Structures are given as structure tokens and as C-alpha cells.
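Structural description and commentary
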Number of protein chains: 2
Amino acid sequence: MSSSPEKLNVHERVRRQHASELAQDYVEAIYIALEEGRNLRVADLQEIFGVSHVTVIRTLRRIEEQGLLANAKSGELALSPEGRKLAKLSADRHDLLVRFFRALGVSEAQADADAEGAEHHLSEETLGAIRRFLEKS
Amino acid sequence: MSSSPEKLNVHERVRRQHASELAQDYVEAIYIALEEGRNLRVADLQEIFGVSHVTVIRTLRRIEEQGLLANAKSGELALSPEGRKLAKLSADRHDLLVRFFRALGVSEAQADADAEGAEHHLSEETLGAIRRFLEKS
DNA sequence: AACCCTTTGTAGCACAGGCTACATGTCGAA
DNA sequence: TTCGACATGTAGCCTGTGCTACAAAGGGTT
Ligand SMILES: [Mn+2]
Ligand SMILES: [Mn+2]
Ligand SMILES: [Mn+2]
Ligand SMILES: [Mn+2]
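A brief structural summary.

What counts, and where the lines are drawn
Residues numbered from 1 in each chain as written. Chains lettered and ligands numbered in written order. Predicted model: local features only at pLDDT ≥ 70, side-chain atom pairs only at ≥ 80, totals over all residues. Heavy atoms only, no water. Donors = N, O, S within 2.8 Å, 3.2 Å for Na, K, Ca; no water. Helix = DSSP H or I, 4+ residues; strand = E, 2+ residues; numbered from the N terminus. Buried < 20%, exposed > 50% of the residue type's maximum accessible area, 1.4 Å probe, protein only. Axes fitted to C-alpha atoms, helices over the stretch in contact; angles between N-to-C directions. Parallel < 35°, antiparallel > 145°, perpendicular 65-115°, else oblique. Left-handed = near helix turned anticlockwise from the far one by under 90°. Contact = heavy atoms within 4.5 Å. Phe/Tyr/Trp six-rings, centres within 6.5 Å; stacked < 30°, edge-to-face > 60°.

**Details of the coordination of the manganese ion (ligand 3)**
Six octahedral donors around a metal ideally sit at 90 or 180 degrees from one another, while four tetrahedral donors ideally sit at 109.5 degrees. Residues and elements named next belong to chain B. The protein atoms that coordinate the manganese ion (ligand 3) are Asp25 (OD), Asp25 (OD), Glu116 (O), Glu116 (OE), Glu119 (OE) and His120 (NE2), at distances of 2.1 to 2.8 Å. Within one chain, the residues donating to the manganese ion (ligand 3) are spaced in sequence as D-x90-E-x2-E-H. If you look at the manganese ion (ligand 3) and the manganese ion (ligand 4), they sit 3.7 Å from each other and are both ligated by Glu116. Of this pair, Asp25 sits in helix H2 (residues 21–35) while His120 is found in the loop between helix H6 (108–118) and helix H7 (124–135), placing the two residues 95 residues apart along the sequence. Just as Asp25 is buried, His120 falls in that class too.

**Re the packing of helix H5 (residues 81–103) of chain B against H7 of chain B**
Residue and element names in this part refer to chain B. Interhelical geometry of H5 versus H7 gives an angle of 50 degrees and a closest axis separation of 10 Å. Looking at the two axes, H5 sits oblique to H7. At the point where H5 passes H7, the crossing takes the left-handed sense. Side by side, H5 and H7 meet where Arg93, Leu96, Leu97, Arg99, Phe100 and Ala103 of the first sit next to Leu127, Ile130, Arg131, Phe133 and Leu134 of the second.

**Looking at the packing of aromatic side chains**
This structure, assessed with the given rule, holds eight aromatic pairs over all chains. Ring pairing ties together the aromatic residues Phe100, Phe101 and Phe133 of chain A together with Phe100, Phe101 and Phe133 of chain B, which thus form one cluster.

**Overview of the coordination of the manganese ion (ligand 2)**
Only His18 of chain A (NE2), His121 of chain A (NE2), His18 of chain B (NE2) and His121 of chain B (NE2) from the protein reach the manganese ion (ligand 2) as donors, at distances of 2.2 Å. You can see His121 of chain A sitting in the loop between helix H6 (108–118) and helix H7 (124–135) and its partner His121 of chain B sitting in the loop between H6 and H7, one on each of two chains. Residue His121 of chain A is classed as buried on the basis of its relative accessible area of 0%.

Here it is as C-alpha cells:
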């Protein structure tokens, strides 16, 4: 029996969500920059995430090992197909949450800040409920 | 000027939330057990969080160093006043989120699971908006 | 008393993700 | 072409949070 995905404890699920969080936020940041025609460097990510450039470099290496980056011209960052897919999903979720909080009356800046953390913790079921709420509101 | 709390970058704020997350979840678990008359042991926390007993012991030591535990009879766990205060706040936030997700049509189990992660990332502004939503719904 | 089982604690390891200090690379101005 | 500034990379440290393997403590049963 049970081809089920291991039936995780609630807290184990949260830990797993945290383990994939940085990768999602990085590819999302890269994706958005590329969409806007900017092509960003280590220094930009350092600014965005508020960490040292060393931390950025090492994190990039990890997500590269996960197959999320494509090798572009030296000094440039590019996403692999999987990276782009993950980035789109992440960006969509982020936007959905911001719109949701805005609809509840939260200010733009705070909606964005809260979405940044919460976006990694919501199930498809809850995201679906949020979409329905936004449609009929 | 500026007695302000440092004006954190969005991602720095998320990192800070994560740093206090375990402590909140632990005191919440202890609090709830004590409320219900059970007094729980290391083995129970091991079960609740899905980690080894070693990890539980070390985490308990850290949150004790943060002044959240009171020393009770050997082998028993008790909360300091600050620990109890934090636990109440955490439990209330958790309940609020569960009720919120339920109101949106999410199942009990999923609402609880999603709340476990998201509860650490919402500002007072957003929590206020959620309370207002629940009142007038 | 001796033994076993459960619980708790210790020793020591791994990895993620922070950091500073220093080294190297690149590139435009002088 | 040399120099200086800024960007990138490396070495090596720390803490939090996970683990396994082993040690000690406590109670029952015989
Ligand atoms: Mn995020
Ligand atoms: Mn989180
Ligand atoms: Mn939680
Ligand atoms: Mn909780």
C-alpha cells in the first residue's frame, strides 16, 4: 500500500518548505530582472537579499547544482528551463498573495513583505481558496 | 533621530522571523500540553516535531537560555512568565489563521498545516485585516 | 541483587547559510 | 601602460539544526 509521499508530520513539512525557499526566491529575483531587460550581477542580489556577496556566490553555486541555472556569457546569470518554471510559479504565487492581502485592506508595502515569507507555506488547496475569494470579491 | 528598528530589508525580516520560529513552536506545544493537564516529556516533543530526541534536548537548552522555561520538578517542563506570554500569542495567532483558512473553505487538516508555517510571517497590520474579515463574515 | 526496557543525556559528525579578511580580475581614466 | 576602483572569488570562521552511536539513569520483574 501507500505510494503516498511519505505522509509528513506538519513540522517536517515546514522544514522542507524552508529548505527550498532560498532557491525559489533567487530564481524569482533573477527571472524578474531578466523579464525587465536588466541583467543582474552578484552585487544586485547582495542588495536584494541583504547579505554579503560571499553568501550570494555560495548560494548561487548551490542552486546551480540543483540545475536551476543555465550557463550564460561570463558574468551573466541565466535560468535553465526548470529554473524558469520554478521562477514563474514562485512569482505567480507571490503576486497572488499580494493581491489577496491588498483585497483584505493591507497596504502595498506590508502586503509585499508578508507575502515574501508566507508564500512558501501555502498548499494548493489554500491557494485555490484564495483564488476563488479574489474572483468573487 | 530614528529610534526605529533598523528598517529591515524584506528578506532580512523573513530571516529574523525564521530565527524565532522554533522557540515559538516549542513553547506553544508545551503550553497547550500543560493547559490540557498533560505534562509532556522529551519523547513527546520528539514525536510532535518529527526530530530525534537529541535535537529536542538541544533546542530546549537554547530556549531555556532565552529565558522561556521555568525550572520545574526534575523531568518536567514548565514555562517562565515570558515563555507563557509568547506561547499565548503564538497559539492565538495559530488559531486565528486556522479559522481564517477555514472561513475561506479550506479543510481542517490543511488549514492547520498551512497555519503552522505562515503564522510566523504575518504583520500586525495583516493580522488586523484578517480579524476584521472574520468579524464581518 | 541482577537484569531489562525506556528515557534522557553526551560526543561528535554533517550541512546550510551567515560573516570578515584577503586575493584576483577587469576596465576606464590618466 | 599603468593605476585605481569596483566586482568577483577564496579561505576559513561561526551558529543553528539535523543526525547516529554510545553512556548513564531509573524502574519493574524475577
Ligand atoms: Mn519568499
Ligand atoms: Mn517560513
Ligand atoms: Mn509554526
Ligand atoms: Mn503553531
